[in-house]
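# Analysis of the macromolecular model
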Amino acid sequence: MPRWPEPERNSTVTSLVVTNIGTLVTNDPTIGAGALGVRRDAAIAFTDGRVAWVGDSADAPAADHGVDLGGRALLPGFVESHSHLVFAGERAEEFAARMTGTPYSAGGIRTTIEATRAADEPRLEANVRRLLNEALRSGSTTVECKTGYGQTTRDELRSAQVAGRFTDEVTLLAAHVPPPEYAGRADDYVAMVCDEMIEACAPHAKWIDVFCERGAFDEEQSRAVLKAGVAHGLIPRVHGNQLGQGPGVRLAVEMGAASVDHVTYVNSADIDALASGSTVATLLPGADFCTRNSYPDARALLDAGVTVALGADCNPGTCYTTSLPFCIALAVREMHMTPAEAVWSATMGGAKALRRTDIGGLSIGARADAIALDAPSYLHLAYRPGVALVREVWKDGVLVTPGVAA
């Protein structure tokens, strides 16, 4: 279970019933209407950190503690399946340059590598804690965290160890870009990652990732990294097709990756590959917003039957936000997703990208991770962009944000 830096919990409460929910999103079509499993005037009961009951508010069972939502909406906690939180420094000047016309390339990552290597471990840990608290306040109750700004065995190992103090969803992204000392020698760096770094870091990670992109690693190099990770028990993920069309999407499907992330530039063969496989397409509209890149064609992916997730992609260079509500609004406005599709993708879609069945929804037996909005419906996440609508957050059935008492 993720170890969050949340406010102190009340450990005496073992059961909770939330009543007078205006719109309850369960993501379970057997409980409510549509893909979101929506119920109106609903109630939900949590017992020992799990969902124990869902039904009409008038039929709510007794519990140790009760909350009246006053007609507000209740949703599953957001599942952030793509973040880069272990780093030092910032790149605001780079962002400002992009806004005046300098195009984004993968090379800016090297600035963060230098700062991260120079930072001590307490500083890295404090930064992760700060960003996770920020993400929690905007409704993210599960967060995946990547390494990738160390790029020596020592620095990738400590990055994985720092991330693992907060989440079990740790991704080894040693193959982010070739570091400065390997400039022009990407093959040598890949050999070091495969022969040394993965073996050292694998005990502290769950996933293996690679940036398969121009300016980073080509298809052959990326395949080698993923195979080495699999050989050490790690599950593949891929950064692919962010800056242009390329082999990333199809490599991810070939390798049985849980997710391929960005998916901004795809062709019909890429979409067909995703539709015929189990790899989730994780879209990161915040990164496209912050780089003035094109947005992914979410409509084409969804219409083809591809499973889509939404991530915030918090990182210091190309998307310094932890807000999935912001990304939901972008997905609806810029990627032509419906509000329901965007909310599903930021909850159940993220869970599928992490191959989790215990989060992302509020079915009976699921983890009691939920968020209350200061609004009557999930529609307001797109309808009121930029407004801090997340009012209360429950993690494992316990209130972890200081929301206003109902």
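Keep in mind the model is a prediction, meaning the values are calculated, not measured.

### Brief notes about the pairing of strand β10 (residues 207–212)
Counted residue by residue, β10 has six buried out of six residues, so it is predominantly covered. Both faces of β10 are covered, namely the face carrying Trp207, Asp209 and Phe211 and the face carrying Ile208, Val210 and Cys212. Looking at chain direction, strand β9 (residues 170–175) and β10 are connected through three bridges and run parallel. Bridge assignment links Thr171 to a residue of β10, and that residue is Trp207. In this view, the connection linking β9 to its parallel neighbour β10 by way of helix α5 (residues 186–201) has right-handed handedness. Of the strand pairs in this sheet, β10 and strand β11 (residues 235–236) are connected by two bridges, and their pairing is parallel.

### Points about the packing of aromatic side chains
Counted according to the given criterion, the structure contains five aromatic pairs. Relative to Tyr320, the ring of Phe87 has its centre 5.9 Å away and its plane inclined at 70 degrees; by these criteria the two rings are edge-to-face. Of this pair, Phe87 sits in the loop between β6 (78–80) and α1 (92–99) while Tyr320 is found in the loop between β15 (308–310) and α11 (324–334), placing the two residues 233 residues apart along the sequence. Judged by relative accessible area, which is 1%, Phe87 ranks as buried.

### Re the layout of surface pockets
In this structure, the second largest pocket encloses a volume near 180 Å³. Every residue lining the second largest pocket is counted, 14 residues in all, and those nearest its centre are Ser323, Pro325, Val387, Ala388 and Leu389. Contributing elements (two or more residues each) for the lining of the second largest pocket: α11 and α13 (380–383). Looking at the lining of the second largest pocket residue by residue, the class counts come to eight nonpolar, four polar and two charged.

### Side note on helix α8 (residues 268–276)
Three or more residues of α8 are buried, namely Asp270, Ile271, Ala273 and Leu274. Projected onto a plane normal to the axis of α8, the buried residues spread over an arc of 160 degrees and lie on a single side. Along α8, exposed side chains directed more than 90 degrees from the buried face belong to Ser268, Asp272 and Ser276. Looking at the buried positions of α8, the neighbouring elements they touch are α7 (248–254), β13 (259–262), β14 (280–283) and α10 (298–303). For α8, the side-chain oxygen to backbone nitrogen distance between the N-cap and Ala269 is 3.1 Å, and the N-cap itself is Asn267.

### Here's the deal with the nonpolar core
Ranked by internal contacts, the top residues of the largest apolar core, which has 91 residues, are Leu75, Val225, Val263, Leu301, Leu310 and Leu373. Counting residues per element, this core draws most heavily on α5, which supplies eight residues. Among all residues touching Leu310, those that are not within four sequence positions of it are Val79, Leu283, Pro285, Leu324, Cys327, Ile328, Ala331, Met335, Met337, Ala342, Ser345 and Ala346. By size, the runner-up hydrophobic cluster in this structure holds 18 residues, among which are Leu24, Val54, Leu74 and Leu362.

### Considering the packing of helix α4 (residues 153–164) against α5
At a closest axis distance of 9 Å, the pairing of α4 and α5 adopts a crossing angle of 35 degrees. When the axes of α4 and α5 are compared, the crossing they make is right-handed. Each of Thr153, Glu156 and Leu157 in α4 lies in contact with α5, whose residues at this interface are Met192, Glu196, Met197, Ala200 and Cys201. The residue makeup of the contact of α4 with α5, split by class, is five nonpolar, one polar and two charged.

### Some details on the environment of Thr111
When you line up the elements, Thr111 lands in helix α2 (residues 109–118). For Thr111 and Gly89, which are 22 residues apart along the polypeptide, the C-alpha to C-alpha distance reads 8.6 Å.

### Section: the environment of Gly22
Looking at the secondary structure, you find Gly22 in strand β1 (residues 15–25). Taking the C-alpha atoms as reference points, Gly22 and Asn133, separated by 111 residues in sequence, lie 27 Å from one another. Excluding residues within four positions of it along the chain, Gly22 makes contact with Arg39, Arg40, Asp41, Gly71, Arg72 and Pro376.

### As for the side chain of Thr279
Here Thr279 shows up in the loop between α8 and β14. At 2.7 Å, the side chain of Thr279 forms a polar contact with the backbone oxygen of Ala257. Setting aside its immediate chain neighbours within four residues, Thr279 contacts Ala252, Val253, Gly256, Ala257, Ala258, Ser259, Val260 and Leu274.

### Comments concerning the pattern of salt bridges
Applying the stated criterion across every chain, the model contains 26 salt bridges. The salt bridge involving Arg129 is made with Glu125; its shortest N-O contact spans 3.2 Å. Residue Arg129 and its partner Glu125 are located together in helix α3 (residues 121–137), separated by four residues, close to a single helical turn. Three or more residues joined by partner-sharing salt bridges are found here, namely Glu169, Lys206, Arg356, Asp358, Arg367 and Asp396.

Basis of the calculations
- Residues numbered from 1 in each chain as written.
- Predicted model: local features only at pLDDT ≥ 70, side-chain atom pairs only at ≥ 80, totals over all residues.
- Heavy atoms only, no water.
- Buried < 20%, exposed > 50% of the residue type's maximum accessible area, 1.4 Å probe, protein only.
- Helix = DSSP H or I, 4+ residues; strand = E, 2+ residues; numbered from the N terminus.
- Pairing = 2+ DSSP bridges.
- Right-handed = clockwise from strand over helix to strand, strands pointing away.
- Phe/Tyr/Trp six-rings, centres within 6.5 Å; stacked < 30°, edge-to-face > 60°.
- 1 Å grid on protein atoms, 1.4 Å probe; cavity = no way out; pocket = protein on both sides within 12 Å on 5 of 7 lines; lining within 4 Å.
- Points joined across faces, edges and corners; volume = space filled by probe spheres on them.
- Nonpolar A, V, L, I, M, F, W, Y, C, P; charged D, E, K, R; others polar.
- Arc of directions from axis to C-beta.
- Contact = heavy atoms within 4.5 Å.
- Polar contact = N/O pair within 3.5 Å; in protein donor to acceptor, adjacent residues only side chain to side chain.
- Core = buried A, V, L, I, M, F, W, Y, C linked by side-chain atoms within 4.5 Å.
- Axes fitted to C-alpha atoms, helices over the stretch in contact; angles between N-to-C directions.
- Left-handed = near helix turned anticlockwise from the far one by under 90°.
- Salt bridge = Lys/Arg side-chain N within 4 Å of Asp/Glu carboxyl O.

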